[in-house]
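Listed here are the chains, written in short residue letters.
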Amino acid sequence: MTVHSFNQSFLSITLTQGSTDSLRKNSVTVKTNFHVDSEEKQIVEELNPGERVRILRKLDWHLLPFVSLLYMLSFLDRANVGNAKVAGMSKDLNLIGFRYNIAAAIFFILYSFAEVPSNIALKLFRPSRWIPVIMIAWGLVMTLMCLVDSFRSLVVARLFLGLTEAGLFPGVTYYISLWYPRSERSKRISIFFSAATVAGAFGGLLAYAIEHMEGVGGLHGWQWIFLLEGVATLLVACLAFFLMHDYPETAKFLTERERAYVIDMLKQDANDLATHYHIRFVLQAMKDYKTYIQVLIYMGLLVPVYAIALFTPTIINELGYSAAHAQLLSAPPFIAACITTILVGIYSDKYKTRGPFIIGCAVVAIVGYILLYCGGSAGMSYAGTCLAAIGVYPTIAVDLAWAGSNAGGDLKRGVVIAMVIGLGNLGGICSSFIYIDPPNFHIGHGTIMGFLFLSILLSLFAMWDYGRLNKKKEAQCQAEGLTDSRSNEFKDMGDDSPLFRYAI
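Quick notes on the rules
Residues numbered from 1 in each chain as written. Predicted model: local features only at pLDDT ≥ 70, side-chain atom pairs only at ≥ 80, totals over all residues. Heavy atoms only, no water. Helix = DSSP H or I, 4+ residues; strand = E, 2+ residues; numbered from the N terminus. Buried < 20%, exposed > 50% of the residue type's maximum accessible area, 1.4 Å probe, protein only. Contact = heavy atoms within 4.5 Å. Areas by Shrake-Rupley, 256 points an atom, 1.4 Å probe, with all protein chains shown as cover. Salt bridge = Lys/Arg side-chain N within 4 Å of Asp/Glu carboxyl O. Patch = residues over 30% accessible without salt bridge, like charges linked within 9 Å, V, L, I, M, F, W, Y side chains within 5 Å. 1 Å grid on protein atoms, 1.4 Å probe; cavity = no way out; pocket = protein on both sides within 12 Å on 5 of 7 lines; lining within 4 Å. Points joined across faces, edges and corners; volume = space filled by probe spheres on them. Core = buried A, V, L, I, M, F, W, Y, C linked by side-chain atoms within 4.5 Å. Axes fitted to C-alpha atoms, helices over the stretch in contact; angles between N-to-C directions. Left-handed = near helix turned anticlockwise from the far one by under 90°. Nonpolar A, V, L, I, M, F, W, Y, C, P; charged D, E, K, R; others polar. Phe/Tyr/Trp six-rings, centres within 6.5 Å; stacked < 30°, edge-to-face > 60°. pLDDT = per-residue confidence, 0-100. Arc of directions from axis to C-beta. Expected span 1.5 Å × (residues − 1). Parallel < 35°, antiparallel > 145°, perpendicular 65-115°, else oblique.

Asker: What is the right way to read the overall build of the chain from this model?
Answerer: Helix and strand counts for the chain come out as 22 helices and 0 strands. A total of 504 residues make up the chain; the buried ones form 58% of that total. Excluding contacts between residues fewer than 6 apart, the proportion of contacts in the chain whose partners are at least 24 apart in sequence is 82%. By element, 68% of the accessible surface of the chain is carried by carbon and sulfur atoms, the whole surface being about 19400 Å².

Structure, rendered in structure tokens:
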């Protein structure tokens, strides 16, 4: 590492060590309820609710479209193996028995265990450097997947694709939490995650078009799917070096007045909790039982998400439609899921609740899987597929907002998000092996309903537990006379701080 790059890394760490640290160095700190200087306090008081909305909207336009594009490419690249299978890959690579399932599942092994280290690296290096680098890595793997000519080479390629893609989803989810207060995150994560549903719809339409390139350049249609989608990722990765913004403290698109407001808004939302790196915050996340409750909730929701992404073309194909029509008919369920994902995220933020929305959406998904399990007409089964997608996809964004909002402190929040996504993604291995009994797929549909019921029960427990802890903290604050003016005393306690309140 050169001296210049070391200095850049050190500067990026320094800039993330507190929402107002960089401002404090050049101003006199005055004791107030939230320990902001008088100039910042005046700015905050002058901005009315309409100004707050305008600033948040400005953040949205500068951040969300591009990170949503990144995730759309990520999900497209990991799930296109399902489209490739229907497009002839299964025959050309002799994917008999469980071979396709193994190739789909192998992705999640390194993917799951690389997410926590990746989020720590994101904290230590600038997002505008770390995220484009991992994009280039997985874009190269995706592009070179067009050269696979056997089951063994497909498995190796999928293994490395999982390793290189691991950092994007938890990284961007954490990245969003560095820009928005807790009450504003669900709708933003929903907009970001809706890119997965767009990828599902677009993937089917794109695969239908690319299939017609069969034989061009000596490649099969399914090989062109890998090649073109990989090249698209590489092109966008190069743009990411220039289009990604790092932190509010360094955002050039904000005025000084807007920057001071965003920094103070985040500081107040965090209850003055620590933002610097220390190993104890990593251990706080790993030792907290609430982290593992959220892991299991997320896993119960993610198993159906990956099953839908990997097997929807196959399920529709088994309903009697041709391979080409199956690619096209896989789009509408994802389009419907995109709309509901955004709407649920908006209303979850509006009512500042998470658990009830997860439970409600999971029930809708279960109804869809009941229709699929009963296996009546093709129309009824297709309606079940749509309901399953509409119900499942919105839960992911809301659950991640729930897990992130209830982890106190920047680093702990980053580690918790990575653990929830990383360990939860082990459920993707299960998703890859449950659709093994065509044409009705009773094992797959029944297994997914079981996972959804697990998420519902654990969500009910989490809601009760968070409520219990909030009442306990309120009683402690009243008994000891604790107010926000003493928040600095609990800076390193994370969400164990008596001033921290959990979202329900």
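Once you've had a look at it, read on.
Asker: Which parts of the structure should I look at to understand the environment of Pro65?
Answerer: With respect to the element layout, Pro65 can be found in helix H4 (residues 49-92). A C-alpha to C-alpha distance of 7.9 Å links Pro65 and Phe192, two positions 127 residues apart in sequence.

Asker: Explanation requested: the pattern of salt bridges in the structure shown.
Answerer: If the charged atoms of two oppositely charged side chains come close together, the side chains can form a pair. According to the stated counting rule, one finds 18 salt bridges in the structure shown. Here Lys290 makes a salt bridge to Asp495, at a shortest N to O gap of 3.8 Å. With Lys290 in helix H15 (residues 289-318) and Asp495 in the segment after helix H22 (442-480), this pair connects stretches of sequence that are 205 residues apart. Taken as a pair, Lys290 and Asp495 share a single burial class, namely buried. Each of Arg52, Asp60, Glu184, Lys187, Arg188, Asp349 and Arg354 takes part in salt bridges that share partners, so that together they form one network.

Asker: Whenever I open this one, a nonpolar patch on the surface confuses me. Can you help?
Answerer: On the surface, a cluster of nonpolar side chains totalling about 520 Å² of accessible area is made up of Ile109, Leu110, Phe113, Val156, Phe160 and Leu163. Secondary-structure elements contributing two or more residues to the nonpolar patch are helix H6 (107-113) and helix H9 (151-165). With respect to the secondary-structure elements, Ile109 resides in helix H6.

Asker: Sorry if this is basic, but what is going on with empty space enclosed by the protein here?
Answerer: To find leftover empty space, one rolls a probe the size of a water molecule over the atoms. As enumerated under the stated definition, the model contains 8 cavities of 30 Å³ or more in all. Roughly 100 Å³ of internal volume is contained in the second largest cavity. The wall of the second largest cavity is formed by 15 residues, among which Ala79, Asn83, Ala199, Gly200 and Ala309 lie closest to the centre. Residue assignment for the lining of the second largest cavity shows that the elements contributing at least two residues are H4, helix H11 (185-210) and H15. Considering every element that reaches the lining of the second largest cavity, the biggest residue donor is H4, with 5 residues.

Asker: Hey, could you run me through the side chain of Ser194 in this one?
Answerer: Structurally, Ser194 can be placed in helix H11. Note on Ser194: relative accessible area 6%, which makes it buried. Apart from residues lying up to four places away in sequence, Ser194 is in contact with Cys338, Thr341 and Ile342.

Asker: In this structure, what is going on with the nonpolar core? I would like to understand it.
Answerer: With 148 residues, the main nonpolar core has Phe75, Met89, Phe169, Tyr369 and Tyr393 as its most contacted residues. At 18 residues, H4 tops the list of elements feeding residues into this core. When neighbours within four sequence positions are excluded, Tyr393 is seen to be in contact with Phe75, Phe193, Ala196, Thr197, Val305, Ile308, Ala309, Phe334, Ala337 and Thr341.

Asker: Any chance you could explain the packing of H15 against helix H19 (residues 378-405) here in plain terms?
Answerer: For any two helices packed against each other, one specifies the inter-axial angle together with the distance between the axes. For the pair H15 and H19, the least separation of the axes is 9 Å and the interaxial angle reads 145°. For the pair H15 and H19, the sense of crossing is left-handed. Two secondary-structure elements touch here, H15 through Gln294, Ile297, Tyr298, Leu301, Leu302, Pro304, Val305, Ile308, Ala309, Thr312 and Ile316 and H19 through Tyr382, Thr385, Ala388, Ala389, Val392, Tyr393, Thr395, Ile396, Asp399, Leu400, Trp402 and Ala403. Class assignment for the residues of the contact of H15 with H19 results in 18 nonpolar, 4 polar and 1 charged.

Asker: Would you mind going over the packing of aromatic side chains with me for this structure?
Answerer: Describing an aromatic ring pair means giving the distance of the ring centres and the angle of the ring planes. With the rule as written, the count across this model stands at 23 aromatic pairs. Ring geometry for Tyr71 against Phe75: centres 6.0 Å apart, planes inclined by 55°, an arrangement best described as tilted. Of this pair, Tyr71 and Phe75 both sit in helix H4, separated by 4 residues, roughly a single helical turn. Its relative accessible area of 2% is what places Phe75 among the buried residues. When the ring of Trp402 is compared with that of Tyr466, the centres are 5.6 Å apart and the planes differ by 70°; the resulting orientation is edge-to-face. With Trp402 in helix H19 and Tyr466 in helix H22, the pair connects residues that are 64 residues apart, well separated along the chain.

Asker: Looking at this structure, I do not really get the confidence of the model for the chain. What am I missing?
Answerer: One rule of thumb: low pLDDT means the predicted coordinates there are not for detailed reading. Per-residue confidence for the chain averages 84 on the pLDDT scale, and 88% of its residues sit at or above 70. Across residues 1-43, confidence stays below pLDDT 50; counting only partners more than four residues off in sequence or on other chains, it has 61 contacts.

Asker: Please clarify how the side chain of Thr291 should be interpreted in this entry.
Answerer: The topology assignment puts Thr291 in helix H15. Given the relative accessible area of 3%, Thr291 is considered buried. In this structure Thr291 touches Ala285, Val416, Met419 and Val420, once residues within four positions along its chain are discounted.

Asker: So what exactly am I meant to see when it comes to helix H14 (residues 279-287) here?
Answerer: An α-helical segment advances 3.6 residues per turn. Residues three or four places apart therefore align on the same side. Those residues of H14 lying buried are Phe281, Val282 and Ala285. Burial along H14 is one-sided: seen end-on, the buried residues are contained in an arc of 105°.

Asker: Just to check I follow, could you spell out unusual backbone geometry for this structure?
Answerer: Peptide bonds are trans in most cases, and residues, glycine excluded, mostly fall at negative phi. Across the junction of Pro438 and Pro439, the peptide omega takes the value 5°, indicating a cis bond. As for its position among the elements, Pro439 is in the loop between helix H21 (427-431) and H22. At Asn94, a residue that is not glycine, the phi angle is positive and equals roughly 55°. Considering the arrangement of structural elements, one finds Asn94 in the loop between H4 and helix H5 (99-105).

Asker: Is there a simple way to think about H19 in this case?
Answerer: For H19, with 28 residues, the first-to-last C-alpha span of 42 Å sits near the 40 Å given by 1.5 Å per residue. In terms of burial, H19 is a largely internal element, 22 of the 28 residues being buried.

Asker: Explain the packing of H11 against helix H12 (residues 221-243) to me, please; I cannot follow it from the model alone.
Answerer: Viewed as axis vectors pointing N to C, H11 and H12 meet at an angle of 125°, and their least axial separation amounts to 9 Å. It follows that H11 is oblique to H12 by the angle criterion. Note on packing geometry: the crossing formed by H11 with H12 is right-handed. Here Leu206, Ala207 and Ile210 of H11 lie close against H12, whose contacting residues are Gly221, Trp224, Ile225, Leu228 and Glu229. Per-class residue counts for the contact of H11 with H12 are 6 nonpolar, 1 polar and 1 charged.

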